[in-house]
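# Overview (structure and organization)
Residues per chain, in single letters:
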Amino acid sequence: MIKRRFIQRCEVRCEILERLFLIMEKNFILLQHRKLQELSYILWGSIQKNKKLIKLKDQFFLLKIKKRLLYSKKLYSHIFRMQITSLSFLKSASKVADCPPVSLPEFAVIGRSNVGKSTLINMLMNQTIAKSSDKPGKTQLINYFLVNENWYFVDLPGYGYAKVSLESRRKRINETYEYFLQRKPYIFVLVDGSIPPQKIDLEFIAALEEEKLSYALIITKADKANQKTLSQNTKLLRQQLQKITKKMPEIILSSSVKKTGRNQILDLIEAKIAEKTI
């Protein structure tokens, strides 16, 4: 009796899900609505977890829905991919104590100076919020942006080079280190794919591993190296990472010119936000 009722509920959910997709296909503007996106996640997740209790005929229906999602790229990207609907500069902090309250998921981007950080940020947010400069090391503060009203994007000072005094450089490194330990953000470490892995990048990654901080690697300037060079440098990086990491981190190739990697980065952010809110 209980099993029969559960199957009936699943059938109703399948019907609701199908209607939801039909509405979405006809009205793509509705896909911007968070509630509809969340509902599609919940319904699909519930059905996936309880496949065995759904009648065989409904299995074909589920496969039909799945194929519709997989083969309709436009529908898939609108339902499951994050859209940047709002973006605002929040503040710049010279020290951790001046950062906003820890109330939202936080994603920080950092890399060696001149790695293409500003260009990647602008590509990711689809607008110019970070100014590129011919002089490396221009970012001196912890810059906060509020995205979609529900997560922070943080632009951190680069490391490795800057025309500042040694004392100022040490102070900035210490502040960044304290920021990581206190705020515990998810970190995107940028690595230049047009050149072989640099010692300073590997040392930085090793420090993150030592502190058990969550991070992913973004290979920048994928468009500035030929495919062979890029492949060799990425392979070398993986080999070096095996020596300092227990588990290989997520590695995403990016090109600001072709916007390669943008969707993967946003997908990863979306997944991490979901982990924090569930």
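Up top is the structure these notes are about.
Residues numbered from 1 in each chain as written. Predicted model: local features only at pLDDT ≥ 70, side-chain atom pairs only at ≥ 80, totals over all residues. Heavy atoms only, no water.

## Let's talk about the sheet that holds strand β7 (residues 250-253)
The test is simple: One bridge is not enough; two strands pair if DSSP finds at least two bridges between them. Numbering goes from the N terminus for both helices and strands, where a helix is a DSSP run of H or I of at least four residues and a strand is a run of E of at least two. All axes are obtained by fitting lines to C-alpha atoms, using only the stretch in contact for helices, and the reported angles, taken between N-to-C directions, cover 0 to 180 degrees. Residue contacts are counted whenever heavy atoms from the two residues lie within 4.5 Å of one another.
On the basis of which strands lie adjacent, the open sheet formed by seven strands has the order β1-β3-β4-β2-β5-β6-β7 and mixed pairing. Two strands bound the open sheet, and with one partner strand each, they are β1 (87-93) and β7. Within the sheet, the average angular offset between the axes of one strand and its neighbour, ignoring direction, is 25°. Relative to strand β5 (residues 186-192), helix α7 (residues 199-210) is tilted by about 165°, and along the sheet it contacts β2 (106-111), β5 and β6 (215-220).

## Some remarks on the pattern of salt bridges
Operational definition: A side-chain nitrogen of Lys or Arg and a carboxyl oxygen of Asp or Glu constitute a salt bridge if their distance falls within 4 Å. Three labels apply to residues, based on accessible area from a 1.4 Å probe with only protein chains included: buried if under 20% of the type maximum, exposed if over 50%, partly exposed otherwise in between.
What the rule picks out here adds up to six salt bridges. In this structure, Arg112 and Asp192 form a salt bridge, with 4.0 Å as the shortest nitrogen-oxygen distance. Pair noted here: Arg112 is in the loop between β2 and α5 (117-125) and Asp192 is in strand β5, with a separation of 80 residues, a long-range link. Residue classification places Asp192 among the buried residues on the basis of a relative accessible area of 8%. Connected through shared salt-bridge partners, Arg112, Asp192, Asp201 and Lys221 make up one network.

## Some remarks on the pairing of strand β4 (residues 151-155)
Taking burial as the measure, the five residues of β4 include five buried ones, the bulk of the element. Both β2 and β4 contribute to a ladder of four bridges, which runs parallel. Within β4, the position partnered with Glu106 by the bridge is Tyr152. Pairing analysis gives five bridges linking strand β3 (residues 142-147) to β4, with the strands arranged antiparallel. Counted as the bridge partner of Tyr144 is Val154 from β4.

## Side note on the nonpolar core
What tends to happen in soluble globular proteins is that the nonpolar side chains get buried as a cluster. Our working definition: We define a nonpolar core as any set of buried Ala, Val, Leu, Ile, Met, Phe, Trp, Tyr and Cys residues linked to one another through side-chain atoms lying within 4.5 Å.
With 31 residues, the main nonpolar core has Tyr179, Phe180 and Val189 as its most contacted residues. Put simply, the parts of the chain that give this core at least two residues each are β2, β3, β4, α6 (166-183), β5, α7, β6 and α8 (227-244). Counting residues per element, this core draws most heavily on α7, at four residues. Other than its neighbours up to four places away in sequence, Val189 contacts Ile110, Tyr159, Phe204, Ile205, Leu208, Tyr215, Ala216, Leu217 and Ile218. Ranked by size, the runner-up nonpolar core spans 25 residues in total, among them Leu120, Ala130, Ile218 and Ile265.

## Details of α5
The buried count for α5 comes to eight of nine residues, which makes it a mostly enclosed element. At the C-terminal side of α5, Asn126 shows a positive phi close to 65°.

## Regarding the side chain of Glu106
We apply this condition: Distance and chemistry together define a polar contact, namely a pair of N or O atoms within 3.5 Å, with one atom able to donate a hydrogen and the other to accept it when in protein, and with adjacent residues in sequence counting only for side-chain atoms on both sides.
Residue placement: Glu106 occurs in strand β2. Of the polar contacts made by the side chain of Glu106, one reaches the side chain of Arg183; its length is 2.8 Å. Those residues in contact with Glu106 that lie beyond four places of it in its chain are Tyr144, Tyr152, Val154, Tyr179, Arg183, Pro185 and Tyr186.

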